[in-house]
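Structural characterization, general
Single-letter residue listing:
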Amino acid sequence: MIKKLDVKKLRHTCDPATFNFVTTAEVEPLDQIIGQERAIEALKLGLGIKDAKNRYNIYVAGGPGTGKMSAVEDFLSRLSSDESRPPDLCYVHNFSNPYSPHYLGPGTGMGTRLSEDMEQLISRLKRDIPKVFETDEFKARSKKINERFAEKRSSLSDDMETKARELGFAIQRTPIGINTLPLRKGGEPLSQEEYAALSEDERSRIREKQSQVQMIIQDSLQDIARIEEEREAEIKQLAKEAVLFTIEPRFAQLKSRYGELPKVVAFLDDVKLDIVDHLEDFKDGGKPGGQKMPVPFPVPQVDPFKRYYVNVLVDNSKTEGAPVIVEQNATYTNLFGSIERRVQMGVAITDFTMIKPGSLHRANGGYLVLSANNLFRVGLSWEALKIALKRREIRIEDPLQMLGYATTEGLKPEPVPFQLKVIIIGNPQIYELLHYYDEDFPKLFSIKSDFDTEMERTPEREQEIAKFLRARCDEEPTLLPFDATGVAKIVEHSSDLAGDQKKLSCRFGNLTSIVKEASYWARTEGSPHVNGGHVRRALAERDDRHNRIEEKIREMITRGQILVDTEGEKIGQVNGLAVLQMGDYAFGKPSRITATVHTGKGGIVDIEREAELGGQTHTKGIMILKGFLGERFAKEKPLSLSASLAFEQSYSMIDGDSASSTELYALLSSLSELPIRQGIAITGSINQKGEVQPIGGVNEKIEGFFRVCQAKGLTGEQGVLIPEQNIDNLMLAEEVVEAVKAEKFHIYPVVTVEEGIEILTGIPAGAVQEDGLFPEGTVFFRVTERLEAIRQALKEEDESDAEGAEETNQ
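Owing to the predicted nature of the structure, the values given are computational and were not obtained by experimental measurement.

1. Side note on the pattern of salt bridges
- This structure, assessed with the given rule, holds 58 salt bridges.
- The partner of Asp74 in a salt bridge is Arg78, with the nearest N and O atoms 3.0 Å apart. In this pair, Asp74 and Arg78 both sit in helix α2 (residues 68-80), four residues apart, roughly one turn of the helix.
- You can call Asp74 partly exposed: its relative accessible area is 29%.
- Residue Arg78 is classed as partly exposed on the basis of its relative accessible area of 41%.
- Note that Glu517 is salt-bridged to Arg545, the shortest N-O span being 3.2 Å. Taken together, the residues span a long stretch of sequence, with Glu517 in helix α17 (residues 508-524) and Arg545 in helix α18 (residues 532-546) at a distance of 28 residues.
- Arg545 sits in the partly exposed class, given a relative accessible area of 49%.
- Put simply, Arg11, Lys489, Glu492, Asp496, Arg536 and Glu734 are held in one network by salt bridges that share partners.

In structure tokens form, the structure reads like this:
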């Protein structure tokens, strides 16, 4: 019995009367993520486990448009708001090793405060320290020290001159040194003439004594220099004591403010000691001195007080709860920060104030969200992130050094300990590849949050779609509210996207696009809300923007350039259906499939495979087809035939087994010599037992053939043969439903090949009788007769060949 599908089963419509509102403006907005219970539970688990080893990070897997990113951001914003804010992050000068700046972790919001306190401190010290040297007490104590050491210098000088006179020499001081002059007995210096008149022995004795005097002068000068050093040391120590007495209260005030932070207190102690060691920087109120080098261009002055300041990398004073950072461009420097440089007189220089933060610094103590497509495009970023997670610290390094290239040694900031959750959002394929090829990935990302592309269609879910629309309207005030008919059409479109009457799509990105476009068309018509007609128009306009190729192919079919018959009957010729994907638009395309049978032992030849245009799955379908023929018609006798199958006018790769039943029908028609109705297109795969199996893209295939028939003229005899298991997948276009309702088009669900061949030929397939034969007049009886005829012909040919060979031997 031929079954035609009831029109009610072609599309699961949504009744607007199920919505108890005039427009969605009356509905509470959606405040939860719908249809992703499994994924949300995984997120809760991963985020709830606070693992000190950073092992429970999360990979969020799902197809495009499922709202993974929006869902994660929304979930994290709610979760993080109840968590404590992390401390600020600062870098300061390392006074013992300037090339390794120290990090500080003052309390939340205290980083900027510390920076301001240090700037105010240095500003005050620039003013206060010079005043110390102007006090009467400091001047008096300095004067006493100077007078005391002046007496010592004077005593040494007098002693030096006395010893020189005892040796017969006078000491003469000049701007460029000290001269020694030999003396006469009367104590007057010898003139040049008198010295020249002396005998050689006398001059030799004078020279010897002069050497002794030089040694005395040298020793005395060394003693004077030592005394001067002692004087400077005492003056410096006096200055230190005086300055320490002045600045100690200010440092004590800061220590009391930051006393609970040992690293900040240690930094303040280092600053205090460094200040008293560099008091000369504070002379003249810390004003820079003039240029010391005679160069024809201005030389940038180095700020000697920069080392006392604080570089605040992360200020969490305005952060609400734990930070949630979404990094859209996960380059190495964006993740780990960088150390900037400036060129001064042709040399690149840097310091701790030029350290810049990365996303890891800003997310420390909270959550970092990354895109898998972006992260794994830059291999260095992924490798560095794994190292950071395993070490539980953030190191700012030169990317070239990370890659093994030698570079000039620069700053190596102290690593920052960190504790955060990393959430990577990507597709399932990347997850599988990482699990298989990267041994670190399963250890570091122990939780998979799997976002589904569809959810069950229930009355509760339909009501949640209305709330979803309200939420979108709240987010974008330009969107108009939807009335009940508009919501109903959005619900139906959601099932369209899912390709299932019992499912709704979780691709909320695609739904949102239609919502915006429908709102646009409603606004252009001056409507205060969006109704079902506006949603229909948005869908129609979207199809019109994308279906140029589909229309071109349909035009070529109607003009006879692509051969597809939609009327009459032909032997060995059927219409198969395929789906063409053009970006985000898919449509069905009918193709002519032909089969020829002739006497021979070549078996079934797949022309697509022979031409290397058939994929592996398509080849598998052909092999299953052979298995079916052997099981049905060659249980007791060998299957002997030569046949060929071809997709006519096909010039590109063909794959998939959804046309295997179509090819079988063409082959059965050719074997039985029974014509097939050309107004019926076929889709469905088969197994070796002759059962028709479900396929994908059933809606696109039916609609594609319907539009071809519509273009060439609907006769009321046209339709599509589909697997019965695909009934639940039917969400056909309203125009197709109307045509079926008017009996201008038909959908035939089948379970077995026998049902399909009867619909196509109008003749029963036939069932095996007790004698092992098929009833006379059935399709399978005619197939059996044809196969037997081929066997007999081959047998006679073999006998004839054998007789000929025997005569030749004789």
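The discussion continues.
2. Some points on the pairing of strand β21 (residues 585-598)
- Counted residue by residue, β21 has 11 buried out of 14 residues, so it is predominantly covered.
- Sheet topology places strand β20 (residues 573-582) next to β21; 10 bridges connect them, and they run antiparallel. Note on β21: the bridge partner recorded for Leu577 is Pro590.
- Remark: two residues form the turn of the hairpin made by β20 and β21, two consecutive strands paired antiparallel; Gly583 in that turn has positive phi of roughly 70°.
- Sheet topology note: the β21/strand β23 (residues 642-647) ladder contains six bridges and is antiparallel. Bridge assignment links Ala595 to a residue of β23, and that residue is Leu645.

3. Focus: the layout of surface pockets
- By volume, the largest pocket amounts to about 1600 Å³.
- Of all the secondary structure elements, the ones that give two or more residues to the lining of the largest pocket are α16 (484-498), α17, α18, α19 (548-558), β20, β21, α23 (698-712) and α24 (734-741).
- Sort the elements by how many residues they give to the lining of the largest pocket and α18 lands first, with eight residues.
- For the lining of the largest pocket, the class distribution of residues is 14 nonpolar, 17 polar and 19 charged.

4. Examining unusual backbone geometry
- Backbone geometry at Arg392 places phi at a positive 60°, although glycine is not the residue there.
- Among the structural elements, Arg392 can be located in the loop between α11 (379-391) and β13 (393-394).
- Backbone geometry places Glu743, a non-glycine residue, at a positive phi of 60°.
- Its place among the elements puts Glu743 in the loop between α24 and β29 (746-750).
- Overall, the relative accessible area of 58% leaves Glu743 in the exposed class.

5. Some points on the sheet that holds strand β16 (residues 447-450)
- Overall, parallel pairing links the five strands, which are arranged β7-β12-β15-β1-β16 in an open sheet. Of all the strands in the sheet, just β7 (324-327) and β16 have a single pairing partner and so form its edges. Each adjacent strand pair in this sheet contributes to an overall mean axis angle of 20°, direction not counted.
- Two strands pair when backbone bridges link them, and strand β1 (residues 58-61) and β16 are joined in this way by four bridges, in the parallel orientation. Its bridge partner lying in β16, Val60 is registered against Ser449.
- Together, β1, β12 (367-371), β15 (421-426) and β16 form the strand contacts of helix α1 (residues 37-48), whose direction differs from that of β16 by roughly 155°.

6. Description of helix α22 (residues 660-672)
- Over its 13 residues, α22 runs 18 Å from end to end, which matches the ideal 18 Å to within 8%, given 1.5 Å per residue.
- Most of α22 sits out of view: 13 of its 13 residues are buried.
- Positive backbone phi, approximately 60°, marks Glu673, located one or two places after α22.

7. Description of the side chain of Arg11
- Take Arg11: it is sitting in the segment before α1.
- Residue classification places Arg11 among the buried residues on the basis of a relative accessible area of 12%.
- From its side chain, Arg11 meets the backbone oxygen of Leu732 in a polar contact 2.9 Å long.
- Setting aside residues up to four positions removed in sequence, Arg11 forms contacts with Glu492, Asp496, Gln501, Leu730, Met731, Leu732, Ala733, Glu734 and Val737.

Scoring rules and cut-offs
- Residues numbered from 1 in each chain as written.
- Predicted model: local features only at pLDDT ≥ 70, side-chain atom pairs only at ≥ 80, totals over all residues.
- Heavy atoms only, no water.
- Salt bridge = Lys/Arg side-chain N within 4 Å of Asp/Glu carboxyl O.
- Helix = DSSP H or I, 4+ residues; strand = E, 2+ residues; numbered from the N terminus.
- Buried < 20%, exposed > 50% of the residue type's maximum accessible area, 1.4 Å probe, protein only.
- Pairing = 2+ DSSP bridges.
- 1 Å grid on protein atoms, 1.4 Å probe; cavity = no way out; pocket = protein on both sides within 12 Å on 5 of 7 lines; lining within 4 Å.
- Points joined across faces, edges and corners; volume = space filled by probe spheres on them.
- Nonpolar A, V, L, I, M, F, W, Y, C, P; charged D, E, K, R; others polar.
- Axes fitted to C-alpha atoms, helices over the stretch in contact; angles between N-to-C directions.
- Contact = heavy atoms within 4.5 Å.
- Expected span 1.5 Å × (residues − 1).
- Polar contact = N/O pair within 3.5 Å; in protein donor to acceptor, adjacent residues only side chain to side chain.

Read these as geometric descriptors, not functional statements.
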